[in-house]
Amino acid sequence: MPGSLLWAVDVYGRVFSLCATGGRCKRSKDVLLELKRVTAAEQCCWGIGCDHQVYLNVLPSDVPIRHQEETYENQRWNPVEGYTDTLLPTDRWQWTDESGQKPQPLHSFHLTSDNWEWEGDWFVDDESCGRESTATGGWEYAVDFPATFTKEKKWNSCVRRRRWLRYRRYKARGSWAKVPLDRGQPPPEPFTDISCGGWDINDSPEKHICLWAVSQQGKVWFRTGVQQQNPEGTAWEHVAVPREVSQISVGPGELLWAVLWDGQLLVRTGINKDCPTGASWVTADPPSKVGAIHVAVGINVVWVVTKDNKVWFRRGVNSHNSSGLGWISIGGEMVMISVGPNDQVWGVGSEDRTVYFRHGVTPTEVTGKAWVPVCVQLDRGHTTNRPSDGCLFSGQLTGPSQGSVLSCDDSDVPRQHIPKITSDSFISALVADRSAPLEGSTTTPNPTPLEVDQEVLKEGAEEDNAPAQAPVLPSSQPNGGELPWSNVDLEEMKAAPASIAQSSVATYPMELEAIVEQEEGPPWAWITGGGCEIDSSSSISWLETTEEGLLSPSITPALSAAGAQERAPREKEKTMEKSVSVRKGVMCWWRDWQPQQWEEVGVTLEQVRGGGASRDDILYIFYTHNEERKYLYAVIREVTALVPVFWESLYALAVYTAERTRQRWPILLATESHQDFGNWLSLLSESCCESRALRDPPSKQAMWAITSKGDIMVHDPSPSLEAPAQYLPCDQMFWRQVPGHLLCVESNSLGVVWGIGYDHTAWVYTGGCRGNQAQGEVNQHSLTDVRNVYIYENQRWNPVTGYTDKGLPTDRYMWSDALGLKECTKENTRPPTPQWTWVSDWAIDFNTPGGTDKEGWQYAADFPVTFHGYKTMKDFVRRRRWVRKCKITLMGPWQKVTPISLIDVTVLPCLAQSSLEQVPVWAISEKGDVLCRLGVNAHNPAGSSWLHVGTDQPFKSICIGGGHQVWAIARDGAVFYRGSVSSQNPAGECWYHIPSPPRQTLRQVSVGRTSVYAVDENSNLWYRQGLMPSYPQGSTWELISSNVCRVSVGPLDQVWIIADKVPGFPSESSGTVCHRLGVRPMQPKGLSWDFGIGGGWEHLSVRGNSTEAQRAASRSPLPSRNQAQVNGNAAGC
C-alpha cells in the first residue's frame, strides 16, 4: 500500500494523483497535458489524451527499468579458414534470433521511442559476465543448425553461435510520455477508452499486463508485450468484436467486459495465461432497458452504470463463470465507477462530480455498505472537511463546471445542468485562456481581455434554434497559438426552465482569478483505482468516517444542501440498500456421473440483503472437468430441504431442489470437520429460511417427519397443499430441520407435539427452534438418545468341521449387515454419525426377532431363507446378531416425559378452530400396555399423569382420530377398536375386535376424521370401508396400494405415506414422502400418488395439518349432517 495511488481527471483534462498514505492530492507536473481517461496498475498509469493518443506514466523507483535486447552471431567451419561468417546458402543468417528464423543484425536495433536510452554498447554474453572467466568467448557448438548447442567443442562441431546483449533503460519515469506508434504498421484509429489488468493471470515473477483500448470506430485493440521491463509494450493487435464498443474494462484476473454503443454488454471468455486475448465474446443483457454506459470489473466483481446513472452489481461472477447470473441494484447515482486490485470501488457522482469511495467492501461483503465522499488536502496546503467546502475530491456542482469529458454518453435520458462537450478540447469549451500556476506559486497573472466573435454567436444561435447566449470564446495560448474552436451542445437543455438555461450558459467566469479559484474544487470526469491497493482494515485519513458521515445508499450521493434534509428521510423510508455478501469454502462434492467419486470443489454462498424484498441467495459449486472450469448452482429460494447424511466417514449434506427431487439425486456436499459441517449447515439453513421469510418456530399446522438418521424435519403447509383444484406438488415442499433426535413424532393443530427416541424415551416439543431468541434459550433442553447398532455373524455347515466361518464363494460376508450386502466387522463398524459415541461393548443379542437358541444362533436352509431359533436337519447356515449401544447428546426444544418408556404415541387430530380443555394423548409402553395421558393441553403439552387402559395382550400400534375413535393393533396383528371414548370418558369402556385383512398381519394404523388406514407386514396399504357414526368399526378392508412403509391420515382425511421405493428408481434408498391425490368426501380413497422428497425418510405425521383450502360448495347426494353427527361426541374435532 505505500506506493498505492489513486488517479483522477477533472473535466478540464488535468490529472491528479492521491497517495493512499500521504493524504495530499498532487497535480501532474505536465501542466499542458490534457487527458480524457486514465487506467492504472501498481507502478504505471496509462491515459488517453485529447489527441486520442495513449500516454504512459511510470512511477519513479530506485530500481531501473532495463529491457534486454539480444541477437545471435552464427558461424560455420570450413577447412581453409576455420570458423567464419561465410555460411551455406541453406544456413540461417549471420545475425539472427535464437531460433534462427528472423534476421537481427546489430544495426537493426533501435530505441522504440525517445523515452528510452542505451546503457553501453553490445557485448558478448559469456561466463565472464559476473562469473568465472573462461576462454570460450561465449561460443556454443553444434554439429549443424538447428542441433542442440553445447559449451564444449567436439571434433564434429561444424557450426557455432554466441549471444550478444545490449540493454536499454526507460528514462521517462515520473512524467507522462506518449506511447509510440508501431514501427512498420499503419497507426491504429484514434482511441477513446483504455483499460489495463491481467497481472494475476499467471504466477510468474515477471508481471505481464494486459492493456486493452477502444478506438473511435468501436474496434477493440490489445497491446502486446506490456510487462514490468517493457511498460510501453510492443504492438497493437486488433481483436474482433461483433458490434461497435464504446467502453471496456479488464480486471486483475481473467475478467473482461465491454459496453456496446447500444447499451448492451459483452463478456470475453477463454482468457488465460496461454491466450491473454481470450477466445470469444458472450452477450450479457444490461440491468435495465435504458442500457449500460459504463462497466468496471475487478477480481470477481462487475459493476455497471446505466444511462440513467443508476449503479448495478453483477451476481455470480467468478473465474468459472465470467458472465454472472443476474443484477442487483445498488444505491447512488454515478457517471462512472472504478474497481481496485482487491475489489475496492470508487465512483464519480453524477450531479456534483465528486469522487466517492464504497465503504465497507470486504472479501465477504463484496458490495459494501454506503458511498463516502473522498476529502483530501490540496498540495498547496488547503484543508477541506466537507464536500461543500471546496474539497479537491468533493464539492458542490456549479453551472459553469458541468462540462464532462465523458463524450460517449448518447442516452436519451435528459440530464439537468450538464451540457455536452462535443469538441476534442473540452478546456477551450469552458475557458478561452487558462494559465495554470506552477506548484507553490501564490500570484496570478492578469488576464487578457476576451473579444466576442459575433458571427460565431449568431451561427451557434441559429444552429441550436435557441436564443442568443454568451458564447465560448477563443483566446491566445501562452506560445501564441490558437486553441481549436469548441461547441457546447445545449440540446439536452431545451426542456429545462429558462432560469436554468441562462445560468448554465451565460455565467461562465471569464477572468483568470475565478478560474484559479475553480481549481480548488473541480468537477471530476474520470477516476481509476487500479493502482490503489487498500482494504477494509487499512487506516487512511481521507477515508475515515463516522456513521453519521455515511450517505444513505438509496439516496443520490450528490444531494444538495437545500434538499438533503427534506429528501433523506423520505428516500430512506422508501427503500433500503441492497448488498451482496459471499461466504467461500472448500468442500467435497459427490460427482453424480462416471466416475462417481468425491471431488474437492470450491463452494460459495452469495447472499443478497436489504431492498425490502425476499432474499435471493445462490449457492455455487465450482469444479474442473477435463481441465475445463465449470460450475453448478442452486438458487436458495428453490432449495426444498437440507438433509444431513453420513457417508464414508464424512459429514455430508444433501441439498434438494424440486428438480433434483424429481431426478431422485440431490447435491451431496461433505466436510471432514464437524465444525465446518455445522457452520455450513447453519448458514445454509438460515439462508433458506430467510429466503422464504420463515423466521418463527414451526406453526401448529406443521407437518413433521423423521429421517433414517433420526433428524427431525418440519414443513409449514399452505392452503394450496390440500387444495382439490390444484395441489402443491410434493417435490416443491420446503422442509427445515428442528434440533433434536427422535424415532417417531406425532402432532395436532393445537401445537401439541410428542416424540419418541430410539431408547423409547418420550419427549414433548416446547417450541423456540427459531424466532424469539430469549424464548429459544429458555426452551432449549439437553436431549439424549441411545440406539443399538447391529451386525450379524454368519456361518455355513460342512460335513468335516460342522458350522464354520468358511462359506461358499457365493455366500454373503461372514460378518455383515442384516441383508448380507455389506461387510460389517466389529472393528470397522462405527456409530451412525460421528456425533454418536459408544457406551457399551459388543454383545450377543438374544432378543433377535424369530427367536434364538441358547448361544444366540438362528438357523435356515440357506441365507436368503427365513431364519428360526432352532436347528433342524435341513439347516445348513446359521447366524447370530451382535449388538452395541451408542449415545448422542445435543440441545433442542424438547422436554423429557418420565418415567414410562414408549414405543408408539398418538395425539387427537383437531380442526384449526377447535378449543379443548384437554387433548387426548394415547400411547403404548415398551411392554405393550395401552396408556392415556391426562392433563394435556396447549399450555401444558406434557400433561400430568398416565392412565392405564386394560388389555388382554400386548399392543404395538395405536391411533386416535376424529370423534375420539381409538384403533389399535396387537403384537400378533389383531385389530381392536376402543368403544365409548369421549372427552368425559377419556379411557373408554371396552375393546372391540376387528377382523384383519385376509391372510395379512397389520403392523400400523392411522385414523383421520372419517377414514381409517392400516399397513401390514408386507407393506400393503388397506382402507377400512363402511365407517358410519352408528357403526364406527366399519365393514371390510380394501387394498389401496403396495410399497408402503408407514401411513398418516390427517384431520381432513388427507392421506400421506412413507413409500418404500419410487417406481423407476430402484437404487434409491427406502423411504419417500408421498401424498394421496384426489381425496374428497365422496372419494375418500383418492386416485393416485404424488412422490416427493425421499431416500432415507422413516416417519411422517400430517395430523396437525388442518389448513383447508376454500372449496366451492357442491351438492351431495346424501342428506347433510352436522359435525357432531359425523364425529360423534367430539364436536369440532
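The structure presented is a predicted model; accordingly, all values stated were derived computationally and were not measured. Every residue gets a number counted from 1 within its own chain, in the order that chain's sequence is written. Selection of residues for local features in this predicted model requires a pLDDT of at least 70, selection of side-chain atom pairs for listing and counting requires 80 or more, and totals for whole chains, interfaces and linings are taken over all residues. Remark: hydrogens and water are excluded; side-chain values derive from all non-hydrogen atoms of the structure.

**Observations regarding the overall build of the protein**
Move 1: Each helix is a run of DSSP H or I of at least 4 residues and each strand a run of E of at least 2, with the numbering of both proceeding from the N terminus. Per the secondary structure count, the protein includes nine helices and 70 strands.
Move 2: Residue burial is assigned from relative accessible area. The probe radius is 1.4 Å, only protein chains are included, and a residue is buried under 20% of its type maximum, exposed over 50%, and partly exposed in between. Burial statistics for the protein: of 1133 residues in total, 54% are counted as buried.
Move 3: Note on contacts: a residue pair qualifies if any of its non-hydrogen atoms lie within 4.5 Å across the two residues. Across the protein, every contact between residues at least 6 apart in sequence was considered, and the portion connecting residues at least 24 apart equals 58%.
Move 4: Only the protein chains shown count as covering a residue, and every accessible area follows the Shrake-Rupley method with a 1.4 Å probe. Carbon and sulfur atoms make up 50% of the accessible area of the protein, which totals about 51,600 Å².

**Some points on the confidence of the model for the protein**
Move 1: The pLDDT score gives, residue by residue, the confidence of the prediction method on a 0 to 100 scale. Overall, the prediction assigns the protein a mean pLDDT of 80, with 78% of residues at 70 or greater.
Move 2: Long-range and interchain partners of residues 128–133, a stretch whose pLDDT sits below 50, account for six contacts in this model, where long-range means more than four residues apart.
Move 3: Predicted confidence is poor over residues 381–392, with pLDDT under 50, and the contacts of this stretch with residues over four places away or in other chains come to 33 contacts.

**Observations concerning the sheet that holds strand β21 (residues 280–284)**
Move 1: Here a strand pair is declared whenever DSSP counts at least two bridges between the two strands. Sheet architecture is open: four strands sit in the order β18-β19-β20-β21, paired in antiparallel fashion. Single-partner strands in this sheet number two, and they are β18 (245–250) and β21. Each strand of the sheet is rotated relative to its neighbour by a mean of 25°, with strand direction disregarded.
Move 2: With five bridges joining them, β18 and strand β19 (residues 256–260) adopt antiparallel strand pairing. Paired with S249 across the strands is W257, a residue of β19. Note on geometry: axes are C-alpha line fits, over the in-contact stretch for helices, and angles between N-to-C directions span 0 to 180 degrees.

**Here we look at unusual backbone geometry**
Move 1: In this structure, P595 follows Q594 across a cis peptide bond, with omega equal to -10°.
Move 2: Structurally, P595 can be placed in the loop between β33 (579–590) and β34 (598–609).
Move 3: For D343, which is not glycine, the phi torsion reads 70° and is therefore positive.
Move 4: As for its position among the elements, D343 is in the loop between β25 (326–339) and β26 (345–349).
Move 5: By relative accessible area, which is 12% here, D343 ends up buried.
Move 6: For S980, which is not glycine, the phi dihedral falls at a positive 65°.

**A closer look at helix α7 (residues 674–691)**
Move 1: Helix span, expected: 1.5 Å multiplied by one less than the number of residues in the helix. Helix length check: α7, at 18 residues, gives a terminal C-alpha distance of 25 Å against a target of 26 Å (1.5 Å per residue), a fit within 8%.
Move 2: Among all positions in α7, only F677, W680, L681, L684, S687, C688, C689, E690 and S691 are buried.
Move 3: For this analysis, a polar contact is any N or O atom pair within 3.5 Å, provided that within protein one partner can donate a hydrogen and the other can accept it, and provided that sequence-adjacent residues contribute only side-chain to side-chain pairs. Two or three places before Q675, at the start of α7, stands the capping residue S673, its side-chain oxygen 3.2 Å from that residue's backbone nitrogen.

**Examining the pairing of strand β2 (residues 15–19)**
Move 1: Within β2, five of the five residues are buried, leaving the element largely enclosed by the surrounding structure.
Move 2: Burial along β2 is two-sided: the residues V15, S17 and C19 and F16 and L18 are all buried.
Move 3: A loop of four residues connects strand β1 (residues 5–10) with β2, the two strands running antiparallel in sequence, and G13 in this loop sits at a positive phi of about 90°.
Move 4: Where β2 and strand β3 (residues 24–27) come together, three bridges link them in antiparallel fashion. In the strand pairing of β3, S17 is matched with K26.

**Things to note about the pattern of salt bridges**
Move 1: The rule for a salt bridge is simple: a side-chain nitrogen of Lys or Arg has to be within 4 Å of a carboxyl oxygen of Asp or Glu. What the rule picks out here adds up to 35 salt bridges.
Move 2: Residue E70 pairs with R163 through a salt bridge whose shortest N-O separation is 2.8 Å. Residue E70 is located in strand β7 (residues 66–78), and its partner R163 is located in strand β12 (residues 159–170); the two are separated by 93 residues in the primary sequence.
Move 3: On the accessibility criterion, E70 (25% relative accessible area) is partly exposed.
Move 4: On the basis of relative accessible area, R163 is assigned to the partly exposed category, the value being 24%.

**Description of the packing of aromatic side chains**
Move 1: Working definition: a ring pair exists when centres of Phe, Tyr or Trp rings (six-membered ring for Trp) sit within 6.5 Å. Plane angles under 30 degrees give stacked, over 60 give edge-to-face, the rest tilted. Following the criterion strictly, the structure yields 38 aromatic pairs and no others.
Move 2: Relative to W946, the ring of W754 has its centre 5.8 Å away and its plane inclined at 75°; by these criteria the two rings are edge-to-face. Of this pair, W754 sits in strand β44 (residues 753–756) while W946 sits in strand β57 (residues 945–949), placing them 192 residues apart in sequence. Accessibility assignment for this pair places W754 and W946 in one class, buried.
Move 3: Pairwise contacts between aromatic rings join Y620, F622, Y631 and Y633 into one cluster.
Move 4: One Lys or Arg, R358, reaches over the ring of W371 and ends 5.0 Å from the middle of that ring.
Move 5: Two conditions define a charge sitting above a ring: the NZ of Lys or the CZ of Arg must be within 6 Å of the ring centre, and it must be within 35 degrees of the ring normal. Residue placement shows R787 over the ring face of Y758; its charged tip is 4.1 Å from the ring centre.

**What about the sheet that holds β57?**
Move 1: Read across the open sheet, the four strands follow the order β54-β55-β56-β57; overall the sheet is antiparallel. A strand with exactly one partner marks an edge of an open sheet, and here the two such strands are β54 (902–907) and β57. Each neighbouring strand pair of the sheet contributes to a mean axis angle of 30°, computed without reference to strand direction.
Move 2: Where strand β55 (residues 921–925) meets strand β56 (residues 930–934), four bridges bridge the pair, whose relative direction is antiparallel. Along β56, the bridge assignment pairs V921 with R933.

**Here we look at the environment of D1053**
Move 1: Tracing the backbone through its elements, the reader meets D1053 in the loop between β66 (1044–1049) and β67 (1055–1059).
Move 2: Among the residues examined, D1053 registers a relative accessible area of 8% and is labelled buried.
Move 3: As a C-alpha pair, D1053 and G1008 span 45 residues in sequence and 5.0 Å in three-dimensional space.
Move 4: If sequence neighbours within four positions are ignored, D1053 has contacts with G1008, R1009, T1010, S1011 and V1079.
Move 5: In this structure the side chain of D1053 is engaged in a polar contact, spanning 2.4 Å, whose partner is the side chain of T1010.

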